[in-house]
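# Examination of the molecular architecture
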Number of protein chains: 2
Amino acid sequence: MLVLFLWATAIRAAEPLPSWNDTAPKKAIITFVEKVTREGSPDFVPAPERVAVFDNDGTLWSEQPIYTQFLFVLDRVKTTAPQHPEWKTNEPFATVLRGDLKGLAAFGVKGMLELTEATHSGMSTEEFKKLVKDWLATARHPKTGRLYTEMVYQPMLELLVYLRANGFKTFIVSGGGVEFMRPWTEKVYGIPPEQVIGSSGKLKFEFQDGKPALMKLPEVDFIDDKEGKALGIENHIGRRPIAAFGNSDGDQQMLEWTTAGGGARFALLVHHDDAEREWAYDRESKVGRLDKAWDEAKEKGWTVVSMKGDWKTIFPK
Amino acid sequence: MLVLFLWATAIRAAEPLPSWNDTAPKKAIITFVEKVTREGSPDFVPAPERVAVFDNDGTLWSEQPIYTQFLFVLDRVKTTAPQHPEWKTNEPFATVLRGDLKGLAAFGVKGMLELTEATHSGMSTEEFKKLVKDWLATARHPKTGRLYTEMVYQPMLELLVYLRANGFKTFIVSGGGVEFMRPWTEKVYGIPPEQVIGSSGKLKFEFQDGKPALMKLPEVDFIDDKEGKALGIENHIGRRPIAAFGNSDGDQQMLEWTTAGGGARFALLVHHDDAEREWAYDRESKVGRLDKAWDEAKEKGWTVVSMKGDWKTIFPK
């Protein structure tokens, strides 16, 4: 505990957010954190109420050309195809096995869900966690060649550390599958499994060889996106965050819910405008579309981060 | 942080669990905690994995003659009856309004759910939290005359403090409504809302006067009881507890799931056998029945606490 104390002091003493340029977003973050942590300040918030929520895909790590979890799904279809001879003719599996990713797009969200349910069921939660860990240990991004866990944003890692050093409790609130994130968020982000909220499938408690197991069923239980993010926060945290960080229209309701509470509030959107160092996309993108939430940010004065202008580096060195 | 450090040291130095007699359960608890916290011990568990889960009704506070939340439901029916003239003739509301609690029993679980849904909906989550707080501030138990939050078990409060002083994270996993518990568990048990798991109703995100609200719908979303407790733990915590504390058959699967993990595990059931200081009930009770879980405890060597023989005091002085 004493070591932790000294370490936290060192973090506070060092200049925070070194990978952020000295532009408006960095200043806005620091101003907010200082006013809610200064005792006697009219905006002071007691530590237990310093809840900060972060979207994952596109906010903490990259989401192009498609969500990482979906690349995992495609790999699982290929890996398990020998046990599913019917996939050679059944769609959308046949299209995946032919490697026709453009053709796959025609199956839309329904097709994605069908592939996800098929590859995320029929095993226990513990078996699934091992599949995720094993895949992330070796799979590499088609463009950068990096491990996916190396495609996290260095400035956001610093922000997580800075907030926690100032007494915040940091949560992930993501449309991604909760069981796809929990095996690695503690190591990569310092966010333990119990602070990860996400979409989930139904589970069944049953005995196997005399031991209880939680089996994953091929049925969606909860979609943690848009309105679902506000519901997920209430269901899991039970108090309203004072700070919310996102990057797309899927995060709009989370930012609305956070900022509508009384007292000081902070909302931030990451704008992907750096085609050279990452990707550039917003209003027209199928993945991580930023359109309505961007308009609301302009109207309400939410902080918008330009990855190109506000971040010195994107990925960890 | 330094103050916390010194305080934690003081707690560790003092004799733990002062309201527990020096009988087998106290010894079993201390033996378990010492072996999982001693570095180098073959049973050592790193602090982040020291997850302990507690049932609430009958484990942390009294549940007789009926669950406290249901007494709140009955009071809500009476209080809001003027806005529901139809309740004078509609059952089971009419029976409640006549004060016929024996007659109410005939409506069974279905009747309880119907009354709960009717009184736990039609308002926002924030309005509901205020109703709960206001009710608990004044409502008194029909037999003891105490506030319900004074009918918590002193030995269990000490156990929560002892576990947290040893690096455990303590969670509630209760069949009770999550929104009925969260407004007071932090103050009474030191357990923050985000560590409370319970049954829940459906919510709807909507705008009211231009501000977002989470409205409570008259529909059950999740029942956190029996198998549901293992599912609730996986859904909210995402890792398996190493210690579980309950008192009834509703806790059986939670204890099974906890103890089936690898390494040192601890399971405890509170047996209500003290008719003089609290209540005595087990195999035949409609509320908090302890029957199958008791048999499994005997078979597997789970710790069973006799409130009469193992606890010096029941309620806080």
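First, a word on scope: everything that follows refers to the structure included in this document. Keep in mind it's a predicted model, so treat the numbers as computed, not measured. (Residues numbered from 1 in each chain as written. Chains lettered and ligands numbered in written order. Predicted model: local features only at pLDDT ≥ 70, side-chain atom pairs only at ≥ 80, totals over all residues. Heavy atoms only, no water.)

### What about the relation of the copies chain B and chain A?
The condition that has to hold: Least-squares superposition aligns the copies on the C-alpha atoms of those residues with pLDDT at or above 70 in both. Contact definition: two residues touch when any of their heavy atoms are within 4.5 Å.
Note on the copies: chain B fits chain A at an RMSD of 0.0 Å, the axial shift is 0.0 Å, and the rotation between them is 180°. Both copies are brought into coincidence by an operation consistent with a two-fold rotation axis. Of the interface residues in chain B, 100% have counterparts in chain A that sit at the interface too, so the contact is made through matching surfaces.

### As for the packing of aromatic side chains
One pair of aromatic rings is described through two measures. These are the centre distance and the angle between the planes. Formally: Note on aromatic pairs: the rings of Phe, Tyr and Trp (six-membered ring only in Trp) are paired at centre separations within 6.5 Å, and the planes decide the class, stacked below 30 degrees, edge-to-face beyond 60, tilted for the rest. Note on conventions: DSSP H or I runs of at least 4 residues are helices, E runs of at least 2 residues are strands, and numbering of each starts at the N terminus. Here the term buried applies to any residue with accessible area under 20% of the maximum for its type, exposed to any over 50%, and partly exposed to those in between, with areas from a 1.4 Å probe on protein chains only.
Taken as a whole and judged by the stated rule, the model has 32 aromatic pairs over all chains. Ring geometry for Tyr-153 of chain A against Phe-315 of chain A: centres 6.1 Å apart, planes inclined by 25°, an arrangement best described as stacked. Remark: Phe-315 of chain A occurs in the segment after α13 (307-310) and Tyr-153 of chain A occurs in the loop between α7 (125-138) and α8 (154-165); sequence separation between them is 162 residues. In this pair, the class of Tyr-153 of chain A matches that of Phe-315 of chain A, namely buried. Their ring planes at 45° and their centres at 5.9 Å tell us that Phe-245 of chain B and Phe-266 of chain B sit as a pair that is tilted. Linking Phe-245 of chain B in strand β5 (residues 243-246) with Phe-266 of chain B in strand β6 (residues 266-271), this pair joins segments that are 21 residues apart in sequence.

### Considering the interface of chain B and chain A
Heads up, the condition is: Buried area: the accessible area, evaluated with a 1.4 Å probe, that two parts lose upon being put together, summed over both parts. Note on definitions: salt bridges are taken to be side-chain nitrogens of Lys or Arg within 4 Å of carboxyl oxygens of Asp or Glu. Pairing of N or O atoms within 3.5 Å defines a polar contact, subject to two protein rules: one partner must be a possible hydrogen donor and the other a possible acceptor, and residues neighboring in sequence count only if both atoms are side-chain atoms.
Of the residues lining the interface, 39 residues belong to chain B; the matching set on chain A comes to 39 residues. Buried area between chain B and chain A, both sides added, is near 3,700 Å², and the carbon and sulfur share of it is 57%. Put simply, Glu-234 of chain B and Lys-129 of chain A hold a salt bridge, and the shortest N to O gap is 3.2 Å. Counting across the interface, chain B meets chain A through 25 residue pairs in polar contact (both at pLDDT 80 or more). Looking at the side of chain B that touches chain A, the elements with two or more residues in it are α1 (2-13), α7 (125-138), β2 (169-177), β3 (196-208), β4 (211-222), α11 (227-236) and α12 (252-259) of chain B.

### Let's talk about the sheet that holds β5 of chain B
Residue and element names in this part refer to chain B. Just so we agree on the cut-off: Paired strands are those between which DSSP finds at least two bridges. Only the contacting stretch of a helix is used when fitting its axis, a line to C-alpha atoms as for every element, and angles between N-to-C directions run 0 to 180 degrees.
One open sheet accounts for 7 strands, arranged β4-β3-β2-β1-β5-β6-β7; its pairing is mixed. Single-partner strands in this sheet number two, and they are β4 and β7 (303-306). Adjacent strand axes in the sheet meet at a mean angle of 30°, parallel and antiparallel pairs treated alike. Direction of pairing for β5 relative to β6: parallel, over a ladder of 4 bridges. Its bridge partner being in β6, Phe-245 is matched across the sheet by Leu-268.

### Looking at helix α11 (residues 252-259) of chain A
With respect to burial, α11 of chain A is a largely interior element, 7 of its 8 residues being buried. Of all the residues in α11 of chain A, the buried ones are Gln-252, Gln-253, Met-254, Leu-255, Glu-256, Trp-257 and Thr-258 of chain A.

### Quick look at the sheet that holds strand β1 (residues 51-54) of chain A
Taken in spatial order, the 7 strands make up an open sheet running β4-β3-β2-β1-β5-β6-β7 (chain A), and their pairing is mixed. Bordering the open sheet on either side are β4 (211-222) and β7 (303-306) of chain A, each of which pairs with just one other strand. Each neighbouring strand pair of the sheet contributes to a mean axis angle of 30°, computed without reference to strand direction. In the packing of α11 of chain B onto the sheet, the strands contacted are β3 (196-208) and β4 of chain A, and the crossing angle to β3 of chain A comes to about 145°.

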